[in-house]
Amino acid sequence: MTASVDVKASPERLYGRQRGHPLRPRQQRLLDQTLPRMRFPEAAITDPATAFGHQPAQIWLEVGFGGGEHSLAQNEANPDVGYIACEVFENGLCSLLSRVVPEGGEEIAPVPEMLRIWDEDARILLRGLPDASIDRLFLMFPDPWPKSRHAKRRFVHPETVKMAARILRPGATWRVASDDPTYQAWVEEVMGAQDLFETAPPATVRPEGWPPTRYEAKAFAAGRRPLYWTFTRR
C-alpha cells in the first residue's frame, strides 16, 4: 500500500500570469497569424495523431514550455515524433513562435508539421486524451508555488499523477526537472507515495537527450542545483 500526501484537491482553475509586458506588434502578429496555424485542435484530442503533418511514430507532450527552447530542440532532434507543447503565458508562446517563423512571415512562412501548441490549461488536454496515447511526458522547471498553502497548485500533485499515468503507455517515461528545493522535496514526497510509476533517485547532472533551457541557465547563474527525474509508467 502506498502512503498518502496531505494536500488539497487540485483547483479547477488556472493560476499564473497569462500576459506579462504589453505585446509588441510582432508578438501580436505571431499570436494572431502563426499560433492558429500551429494550434493543437480540440477536435484531435480524442485521436491526437491526426493533428500532425504525417503519422507520428510516437506522441510526446510537454507541460509549460516556457521560452520554447526544449520543445523546439526535441522537435528538431526527433522529426518522426508528434510533439504537443503546452503553454498559456503569451510571452512564452511568442518566444517559441518567433523562433519558428521570420519577421514578416507570420502569416505565410512554413511551420513545423510535427509540432503543435496547446495554449489552454494542460489539464483540459490531459483529461481528454485517450488512455495510453502518449509516449513521453515532460515537465521542465515548473512554477514551484513555494508556499505550503499553494501546494494544490503544483502540477506534480496526486491527482495529476493519476491523469498522467492514464494517458501514458506502459513503459513510457515522465521527465521532471526542478531547481527549487521546495519543489524538489515535493516531487520526492508525491512520487514516493504512489505506485503508478517506477521511481529512481534524480540525476544531479542533466542527462544526455535533455536539451537545456533558459530556466536551467538562470538556476546555475543563481547558484541553484537542478535535479532531473525520470519516472517510468508501470
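In the block above lies the structure referred to throughout.
Residues numbered from 1 in each chain as written. Predicted model: local features only at pLDDT ≥ 70, side-chain atom pairs only at ≥ 80, totals over all residues. Heavy atoms only, no water.

Caption draft 1: Region of interest: the packing of aromatic side chains. Counted by the stated rule, this structure contains seven aromatic pairs. Consider the rings of tyrosine 83 and phenylalanine 138, whose centres lie 5.8 Å apart with planes at 25°: the pair is stacked. Placement of tyrosine 83 in strand β2 (residues 81-86) and of phenylalanine 138 in strand β4 (residues 134-140) is noted, with a sequence separation of 55 residues between them. For the ring pair tryptophan 174 and phenylalanine 197, a centre distance of 5.6 Å and an interplane angle of 55° mean the geometry is tilted. Of this pair, tryptophan 174 sits in strand β5 (residues 168-178) while phenylalanine 197 sits in strand β6 (residues 197-198), and the two are 23 residues apart along the sequence. Residue class for phenylalanine 197 comes out buried when judged on its relative accessible area of 1%. Among the aromatic residues, ring-to-ring pairing joins Trp60, Tyr83 and Phe138 into one connected group. (Phe/Tyr/Trp six-rings, centres within 6.5 Å; stacked < 30°, edge-to-face > 60°. Helix = DSSP H or I, 4+ residues; strand = E, 2+ residues; numbered from the N terminus. Buried < 20%, exposed > 50% of the residue type's maximum accessible area, 1.4 Å probe, protein only.)

Caption draft 2: Structural detail: the nonpolar core. By size, the foremost hydrophobic cluster in this structure holds 41 residues, and its most contacted members are Leu61, Ile84, Leu125, Trp174 and Phe197. Where this core is concerned, the elements lending two or more residues are β1 (58-63), β2, α4 (122-128), β4, α5 (158-167), β5, α6 (181-192) and β7 (227-233). Tyr83, Leu93, Cys94 and Leu115 belong to the second-largest nonpolar core, a separate cluster that totals 26 residues. (Core = buried A, V, L, I, M, F, W, Y, C linked by side-chain atoms within 4.5 Å.)

Caption draft 3: Local environment of the environment of leucine 30. With respect to the helices and strands, leucine 30 occurs in helix α1 (residues 25-38). In sequence terms leucine 30 and cysteine 94 are 64 residues apart; their C-alpha atoms lie 6.4 Å from each other. Not counting residues up to four positions away in its chain, the partners in contact with leucine 30 are Leu35, Cys94, Leu97, Ser98, Val101 and Glu106. (Contact = heavy atoms within 4.5 Å.)

Caption draft 4: Examining empty space enclosed by the protein more closely. Summed over all chains, the structure comprises one cavity of 30 Å³ or more. Considered as a void within the structure, the largest cavity measures approximately 40 Å³ in volume. Residue lining of the largest cavity: His70, Met140, Phe141, Ala177, Arg206, Trp210, Pro211, Pro212, Thr213, Glu216 and Tyr228, and that is the complete set. Classifying every residue of the lining of the largest cavity by side-chain character gives seven nonpolar, two polar and two charged. (1 Å grid on protein atoms, 1.4 Å probe; cavity = no way out; pocket = protein on both sides within 12 Å on 5 of 7 lines; lining within 4 Å. Points joined across faces, edges and corners; volume = space filled by probe spheres on them. Nonpolar A, V, L, I, M, F, W, Y, C, P; charged D, E, K, R; others polar.)

Caption draft 5: A look at the packing of α1 against helix α3 (residues 90-100). Closest axis-to-axis distance for the α1/α3 pair is 9 Å, and the angle between their directions is 75°. The orientation of α1 with respect to α3, classified from their angle, is roughly perpendicular. Packed against α1, whose contacting residues are Arg26, Gln27, Leu30, Leu31, Thr34, Leu35 and Met38, the element α3 presents Glu90, Asn91, Leu93, Cys94, Leu96, Leu97, Ser98 and Val100 at the interface. (Axes fitted to C-alpha atoms, helices over the stretch in contact; angles between N-to-C directions. Parallel < 35°, antiparallel > 145°, perpendicular 65-115°, else oblique.)

Caption draft 6: Region of the structure containing the environment of alanine 219. Relative to the helices and strands, alanine 219 is located in helix α7 (residues 214-221). Along the chain, alanine 219 and histidine 157 lie 62 residues apart, while their C-alpha atoms are 23 Å from each other. Residues in contact with alanine 219, not counting those within four places in the same chain, are Asp179, Arg224 and Pro226.

Caption draft 7: Local environment of the packing of helix α2 (residues 69-77) against α3. One way to put it is that α2 packs onto α3 with a least axis distance of 9 Å and a crossing angle of 35°. Along the contact surface, α2 presents Glu69, Ser71 and Leu72, while α3 presents Leu96, Arg99 and Val100. Across the contact of α2 with α3, the residue classes break down as three nonpolar, one polar and two charged.

Caption draft 8: Seen up close, the state of the cysteines. By the definition in use, this model includes zero disulfides. Residue cysteine 86 stays outside any disulfide, its sulfur separated by 17 Å from that of cysteine 94, the closest cysteine. Assessed through its relative accessible area of 3%, cysteine 94 is described here as buried. (Disulfide = S-S within 2.5 Å.)

Structural measurements only, silent on function.
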